[in-house]
Amino acid sequence: MTAPRTGGRAEVSILEETLGDPGQAARENAELDAAEEFPAATCARLDAFGLAAYYVPAEFGGKLDDHEVFLQLLRTVARRDVSATVAHAKTYLGVAPVWVSGSPEQATGVADVVLSAGPVGWALSEPEHGADLLNGSCTATPQAGGYRLDGVKWPINNATRADLLTVLARTGEHGGARGHSLFLFDKTQAASGTWRALPKVPTHGIRGIDISGIEFTGAGLPATARIGAEGTGVETVLRALQLTRTMCAVLSLGAGEHALRLTGRFVATRLIQRRPLIERPYPAAILAQSAAQLAAVEAAALVGSRSIHSLTEEMSVVSPVVKALAPTLVDSMLAELAELLGARSFLTGVYEHGAFQKVRRDHQVVSIFDGSTPVNRAGLIQQYPRLVRGFAKGAADTDGLREAVAVGEPVRNLDHTALTLMSRRGCSLVQSLPGFVASLDTRTVPNGLAEHAHVLCTVVEQLHALMADTRPGARPPMAAYELAAAYELCYAGAACLHLWCTGESGHQGEPLWEDGLWVRAALRMLLARIADVLRMPKPAAAPGDDRIDGPLSLLVAEAAQTGAAVTPFGDPMPLPVTELGGPSGR
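A quick note: this is a predicted structure, and the numbers were derived from the prediction, not measured. (Residues numbered from 1 in each chain as written. Predicted model: local features only at pLDDT ≥ 70, side-chain atom pairs only at ≥ 80, totals over all residues. Heavy atoms only, no water.)

Caption draft 1: Inspection of the overall build of the protein at higher detail. In terms of regular secondary structure, the protein is built from 20 helices and ten strands. Computed over its C-alpha atoms, the radius of gyration of the protein comes to 23 Å, within 12% of the 25 Å expected for a compact globule of 586 residues. Dimensions of the protein along its principal axes, counting C-alpha atoms only, are 75 × 60 × 45 Å. Counting the 586 residues in the protein, one finds 60% classified as buried. In the protein, once contacts between residues fewer than 6 apart in sequence are set aside, the share between residues at least 24 apart is 80%. Looking at the protein as shown, the accessible area adds up to about 21,500 Å², and 55% of this sits on carbon and sulfur atoms. Between the mean site of the 51 positive side-chain charges and the mean site of the 61 negative ones, the protein shows a separation of 4 Å. (Helix = DSSP H or I, 4+ residues; strand = E, 2+ residues; numbered from the N terminus. Rg over C-alpha atoms; globule rule 2.2 N^0.38 Å. Buried < 20%, exposed > 50% of the residue type's maximum accessible area, 1.4 Å probe, protein only. Contact = heavy atoms within 4.5 Å. Areas by Shrake-Rupley, 256 points an atom, 1.4 Å probe, with all protein chains shown as cover. Lys, Arg positive; Asp, Glu negative; His and termini not counted. Charge placed at Lys NZ, Arg CZ, Asp CG, Glu CD.)

Caption draft 2: Structural view of the packing of helix α4 (residues 67–78) against helix α5 (residues 82–101). Look at α4 against α5: their axes get within 8 Å of each other, and the N-to-C directions meet at 145°. Here His67, Phe70, Leu74, Val77 and Ala78 of α4 lie close against α5, whose contacting residues are Val82, Thr85, Ala89 and Tyr92. Residues that form the contact of α4 with α5 fall into these classes: seven nonpolar, two polar and no charged. (Axes fitted to C-alpha atoms, helices over the stretch in contact; angles between N-to-C directions. Nonpolar A, V, L, I, M, F, W, Y, C, P; charged D, E, K, R; others polar.)

Caption draft 3: Region of interest: the nonpolar core. Ranked by size, the top nonpolar core spans 168 residues in total, and within it Tyr487, Tyr491 and Leu497 carry the most contacts. When residues of this core are assigned to their parent elements, the largest contribution, 17 residues, is made by helix α18 (residues 478–503). If you look at the next biggest cluster of nonpolar residues, it comprises 19 residues, including Leu149, Ala159, Phe216 and Ala225. (Core = buried A, V, L, I, M, F, W, Y, C linked by side-chain atoms within 4.5 Å.)

Caption draft 4: Structural context of the side chain of Thr85. Of note, Thr85 is situated in helix α5. Only 3.2 Å separates the side chain of Thr85 from the backbone nitrogen of Ala78, close enough to count as a polar contact. Contacts of Thr85, omitting those with residues within four sequence positions, involve Leu74, Val77, Ala78, Lys90 and Leu251. (Polar contact = N/O pair within 3.5 Å; in protein donor to acceptor, adjacent residues only side chain to side chain.)

Caption draft 5: Spatial organisation of the side chain of Arg80. Turning to its location among the elements, Arg80 is positioned in the loop between α4 and α5. A distance of 2.8 Å separates a polar atom in the side chain of Arg80 from the backbone oxygen of Gly20. The residues contacting Arg80, other than those within four sequence positions of it, are Glu16, Leu19, Gly20, Asp21, Pro22, Ala25, Asn29, His258, Met573 and Pro574.

Caption draft 6: Spotlight on the packing of aromatic side chains. Tallied over the full model, the rule gives eleven aromatic pairs. Measuring from centroid to centroid gives 5.6 Å for Phe266 and Tyr351, while their planes differ by 75°, and the two rings are edge-to-face. Here Phe266, found in helix α8 (residues 249–269), pairs with Tyr351, found in helix α11 (residues 351–363); they are 85 residues apart in sequence, far enough to count as distant. Considered together, Phe266 and Tyr351 belong to a single accessibility category, that of buried residues. Ring geometry for Trp518 against Phe569: centres 6.2 Å apart, planes inclined by 80°, an arrangement best described as edge-to-face. Separated by 51 residues along the polypeptide, Trp518 in helix α19 (residues 517–534) and Phe569 in the segment after α20 (549–562) bring together distant segments of the chain. A residue is classified by how much of its surface remains accessible, and Trp518, at 3% relative accessible area, is buried. Take Phe569: its relative accessible area is 3%, and that puts it in the buried class. Put simply, the rings of Tyr55, Phe70 and Tyr92 touch in pairs and so form one group of aromatic residues. Positioned over the ring face of Phe38 is Arg161, at 3.5 Å from the centre of the ring. (Phe/Tyr/Trp six-rings, centres within 6.5 Å; stacked < 30°, edge-to-face > 60°. Lys NZ or Arg CZ within 6 Å of the ring centre and 35° of its normal.)

Caption draft 7: A look at unusual backbone geometry. At the junction of Trp154 and Pro155, the peptide bond is cis and its omega measures out at -15° in the coordinates. Here Pro155 shows up in strand β3 (residues 146–157). Even without glycine at this site, Ile206 takes up a positive phi of about 35°. Residue Ile206 is classed as buried on the basis of its relative accessible area of 3%. Its identity is not glycine, yet His353 carries a phi of approximately 60°, on the positive side. If you trace the backbone, His353 turns up in helix α11.

Caption draft 8: Here's a closer look at empty space enclosed by the protein. One pass over the structure, following the stated rule, counts seven cavities of 30 Å³ or more. Counted as a void, the largest cavity has a volume near 310 Å³. Together, 25 residues line the largest cavity, and Pro22, Ala26, Arg79, Arg80 and His258 are the ones closest to its centre. Listing elements by their share of the lining of the largest cavity, those giving two or more residues are α2 (22–35), α8 and α11. (1 Å grid on protein atoms, 1.4 Å probe; cavity = no way out; pocket = protein on both sides within 12 Å on 5 of 7 lines; lining within 4 Å. Points joined across faces, edges and corners; volume = space filled by probe spheres on them.)

Caption draft 9: View of the pattern of salt bridges. Scanning the entire structure with this criterion turns up 28 salt bridges. Its salt-bridge partner being Glu16, residue Arg79 comes within 2.5 Å of it at the nearest N-O pair. Here Arg79 is found in the loop between α4 and α5, whereas its partner Glu16 is found in helix α1 (residues 6–19), with 63 residues between them in sequence. In this structure Arg79 comes out as buried when scored by relative accessible area, which is 3%. On the accessibility criterion, Glu16 (8% relative accessible area) is buried. Counted as one network, the salt bridges with shared partners bring together Glu16, Arg75, Arg79, Arg80, Glu257, Arg261 and Glu298. (Salt bridge = Lys/Arg side-chain N within 4 Å of Asp/Glu carboxyl O.)

These values are about where atoms sit, not about what they do.
So this is what it looks like as structure tokens:
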């Protein structure tokens, strides 16, 4: 378990108490999912806790002054129910552009709405254009005193429930990068008949969420509704996405932890020929592999959330890396865990109210939130030349990186104006890896860790050589996307190494940290995946690799039964008080 600052840890504890008994929540969530009903009760609890205050920067009266604390709070909700997290936290996505480019008056007014628990939506997507933000059809035409808004935005989270929407609309005749602007649209101030809500869209996962749309027909907007200068809408969106994409990792962290706990309890109690599944090599290996994947996601997400403050100018690299990595690894671990659960992985009425099939369905949509995985990788590909140059020079902001990996320590204030569309430096975490790995040779490290670290360093050097031969373009080849996937895994590996070295002394006696168990498991897993992505031979086993699966799987299974943390920086989770219902699996 991590040792975050007292305030952050206390807030997580209070939030857990506010959310109540996980057993009761599991039953309620299953019923709501079956009925495709909005998780209103959970959202009301989140309002009572005051979660909306963490969507608003402190300078505007909120509590958002540390994105690591924010991440841990959202993760606490997501490990119970991804749907409720999506429903409530969408407001943060809707208001992020205001913190990035809004006027003080706009920020103050929006803060008042959010702090009063008013939901806000972000109207970006359109039926014919999807993620193609440069060719939107929704228009904002200048007229006396402001603009006239026409067109359709769909599908949009909170489109119907929210009174306030941040809308991207075309203000230039031909659209393009400088032909769109952002606006605040307030339904309560709009003339009757100038807008209408479009019906909720049935979805495979997150069934009860308000995924709907809105149609504008001559809706008037005052000039003061425009966020930033005319023509800067796409730029503002891309800068705001650097915040929201990074924080999307909480959905994967929560879903992964939920699934890992469900499966851990199952393999610990399911008896086959009078022996629990956890004692068999294959289930133990899958559980350990899944724990390693979740630990890697956790490491990348923590460093990413702290980088928002200390490596702000690099977020155009960090955010797409974290956003693409998290759902990719968690989708993979969910598929592997489903094999262990067998039929219980897709049945709705058995084993803890069919929670596994729900969390798997809910999580499938995360990969397309805030830009799909290919969209995020395409953005990274455009920065290959800068990343290659930065790696060759060993360019790194050492002070910023030191803060980014110091989990639990205070962060510097976020300067939103420092968010840039392209990172001039590259990525400090990855580019500092050769020197960092060399420093491991001067200290005592667990058996096998140095070997894994040196292999990772070699792979990173080979990867940058391949990136140097890849020229960015409007339509990058498939090979370029594969390099992006490998870069994500290398970023996660560097994050794991830094966090282990920085946090080792503060986690003495914690089982996951003993003998570097979690970091060795994560690096072993990441190196194997990189080899698959790049079609390279898998690295040779490091000393002690054959003694990872058994201890790690037993720790995870025990934690799932006791409520202890299942990841190196995770928090304990209360055990259900009420009966979960359905066959136990014995």
